[in-house]
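Okay, here's what each chain looks like letter by letter:
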Amino acid sequence: MKPIIRAARLIALAILFGALPAFAQTNSVWVVPIETEISGATAQFVASRIERANEERPLALVFLIDTPGGQVRAMERIVDSILSRAQVPTLAVVRNAFSAGALIAMSAEQVAMLPGSAIGAAMPVSVSPTGVSPVDAKTTSALRGSFRSVAEARGRNALLAEAMVDVNIDVPGLAVAGELLTLSASQAIENDIADIGAATLLDALDQFGYGGALVTLMEPNLTERLGGWLSSPIAIGLLLVVGIGGLLIEFFTPGFGFPGALGVIALALLGLTTIIATPAGTIDIVLLIAGLILIMVEVFVAPGTIVAAVLGVAAIVTALVRIFQNDAIAVIGWSTLFAGVALAAMLWLFPRTRFASRFMLNTRLVGGDGATVSLAPESSKRELLGRAGVAISDLRPSGVARFDGERVDVVTQGDFIAVGSPVEVRSVEGNRVVVRLLDTKPETGVSEDAPTF
């Protein structure tokens with residue numbers, strides 16, 4: 001239990017210190033960095049900073065954007081927070097804003113492009129363990145409508161915004177049909193996607209009218225960083241498999257400690273992630289816990305009934321779909337992949353480990369004739385190869401022979417061997433031990449019928 005208690009303490013300290021807010025002055029400009037892939041954790045981070053800005057009233061919120069894109073659902077939450085909930089001026093300073101980052105940048109009231117920056121390339125794709133593939137036309141059309149709507153709301157070029165999403169839109173001089181639109185800094189400014197070009201962040205603030213204002217960087221705290229690292233479908237799938245697998249190993253081998261501690265830590269991190277980085281609600285958490293309990297009931301209370309296991313898996317899948325929404329298929333796919341790899345590794349490696357030898361039956365029982373009956377693993381029968389023994393039953397062609405006091409089921413190659421005859425092991429194939437009659441006559445080099453002198 002000590003490793004589990006220590007792990008729980010570490011997680012509690014991380015939550016406590018990570019949740020402490022950074023000090024910020026309300027007469028300053030707050031810079032909110034968006035410099036990773038867009039995920040549920042990013043959306044939660046931006047929403048919390050906007051909510052806090054509404055309470056403390058800084059001069060402006062500046063989103064410093066350098067992202068390759070990310071989840072559509074998270075992007076929609078961020079854009080909604082900026083458009084509908086921010087009660088202070090919102091600015092975007094772009095290093096690179098691809099895919100989801102492009103719409104987030106355009107949702108700000110004013111946009112500045114830094115030297116060498118670019119914006120666009122926002123075609124939606126589906127990511128799963130089998131690879132990346134384009135989404136259906138319905139999803140593309142809906143996303144194209146979102147780009148147009150945001151562009152119109154901020155007075156930007158709606159046609160170019162749509163061309164960032166749909167390869168079928170032809171923009172003369174910028175992108176031909178079949179090519180996604182990506183704009184350089186100068187192109188974005190010339191075509192009403194961005195407002196100004198700036199050499200640095202401070203230059204952009206000066207041009208926006210906030211020159212000389214105190215700049216406060218609102219970085220993610222420890223808890224938010226942890227949620228960002230763990231909120232990807234790959235990490236969620238791995239945590240789910242490690243958590244359940246660790247607890248199962250601990251239940252089957254009580255007292256060992258490490259698998260149980262690892263499982264508790266993985267499930268704790270999974271729970272923390274669903275709370276701080278996703279729109280998980282009370283019902284979702286209850287479904288996850290109920291699913292885990294039902295699976296445990298199937299394994300330890302009523303094995304073989306199937307009903308509890310099916311209900312448990314259904315509850316977990318329902319919770320994952322509700323929590324991760326567009327990424328649910330990817331999460332389930334990665335979980336299945338990791339579970340398959342873990343099961344294969346266990347079946348292949350675990351029986352060979354020293355730890356597994358504790359649970360293998362190596363007891364010898366005494367037979368009725370005083371000989372011992374071996375219950376050792378099959379692999380130990382290979383040691384019989386070439387050994388001599390005695391048939392203790394007629395071999396017709398199968399029977400029983402004794403080798404150094406050990407009774408072994410054997411078979412001949414079709415020959416009859418009488419009880420009491422000496423035999424020799426010719427081959428071992430799995431649990432099949434093949435013997436032949438052992439010739440014990442001395443080799444004299446002459447025929448039995450030859451005359452002797």
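What counts and how
Residues numbered from 1 in each chain as written. Predicted model: local features only at pLDDT ≥ 70, side-chain atom pairs only at ≥ 80, totals over all residues. Heavy atoms only, no water. Salt bridge = Lys/Arg side-chain N within 4 Å of Asp/Glu carboxyl O. Helix = DSSP H or I, 4+ residues; strand = E, 2+ residues; numbered from the N terminus. Core = buried A, V, L, I, M, F, W, Y, C linked by side-chain atoms within 4.5 Å. Buried < 20%, exposed > 50% of the residue type's maximum accessible area, 1.4 Å probe, protein only. Contact = heavy atoms within 4.5 Å. Expected span 1.5 Å × (residues − 1). Pairing = 2+ DSSP bridges. Right-handed = clockwise from strand over helix to strand, strands pointing away.

A. Main features of the pattern of salt bridges. Applying the stated criterion across every chain, the model contains 12 salt bridges. Salt-bridge contacts for Asp166 lead to Arg144; the nearest nitrogen and oxygen are separated by 2.6 Å. Within this pair, whereas Asp166 is found in the loop between α6 (158–163) and β7 (182–184), its partner Arg144 is found in helix α5 (residues 137–153), the two being separated by 22 residues in sequence. Asp404 serves as the salt-bridge partner of Arg387, at 2.9 Å between the closest nitrogen and oxygen. One end of the pair, Arg387, is in the loop between β11 (372–374) and β12 (388–391); the other, Asp404, is in the loop between β13 (398–403) and β14 (406–411), with 17 residues separating them in the sequence. The network of salt bridges with common partners includes Arg144, Arg148, Glu152, Glu162 and Asp166.

B. Seen up close, the nonpolar core. In this structure, Phe63, Ile104, Met106, Ile119, Phe147 and Met164 are the most contacted members of the largest nonpolar core, which totals 52 residues. Broken down by element, the residue count for this core peaks at six residues, all from helix α4 (residues 100–106). When residues no more than four places from it in sequence are discounted, the contact partners of Met106 are Val111, Ile119, Phe147, Val150, Arg154, Arg156, Ala161, Met164 and Ile193. Ranked by size, the runner-up nonpolar core spans 15 residues in total, among them Leu64, Leu91, Leu114 and Phe208.

C. Molecular detail of helix α2 (residues 40–56). With 17 residues, α2 should cover 24 Å at 1.5 Å per step; its first-to-last C-alpha distance of 24 Å lies within 8% of that length. Burial in α2 covers these residues: Gly40, Ala41, Thr42, Ala43, Phe45, Val46, Arg49, Ile50, Arg52, Ala53 and Asn54. Of the residues one or two after α2, Arg57 is the one with positive phi, at around 55°.

D. Seen up close, the pairing of strand β2 (residues 60–67). For β2, the tally of buried residues reaches seven of eight residues, placing the bulk of the element in the interior. In the sheet, strand β1 (residues 28–34) pairs with β2 via six bridges, with the strands oriented parallel. From the neighbouring strand, Val32 faces β2, where its bridge partner is Phe63. Between the parallel elements β1 and β2, the chain passes through α2 in a crossover that is right-handed. One ladder, built from seven bridges, connects β2 with strand β3 (residues 90–98); its direction is parallel. When the bridges of β3 are listed, Leu64 appears paired with Val93. With respect to chirality, the unit in which β2 leads through helix α3 (residues 72–85) into the neighbouring parallel β3 is right-handed.

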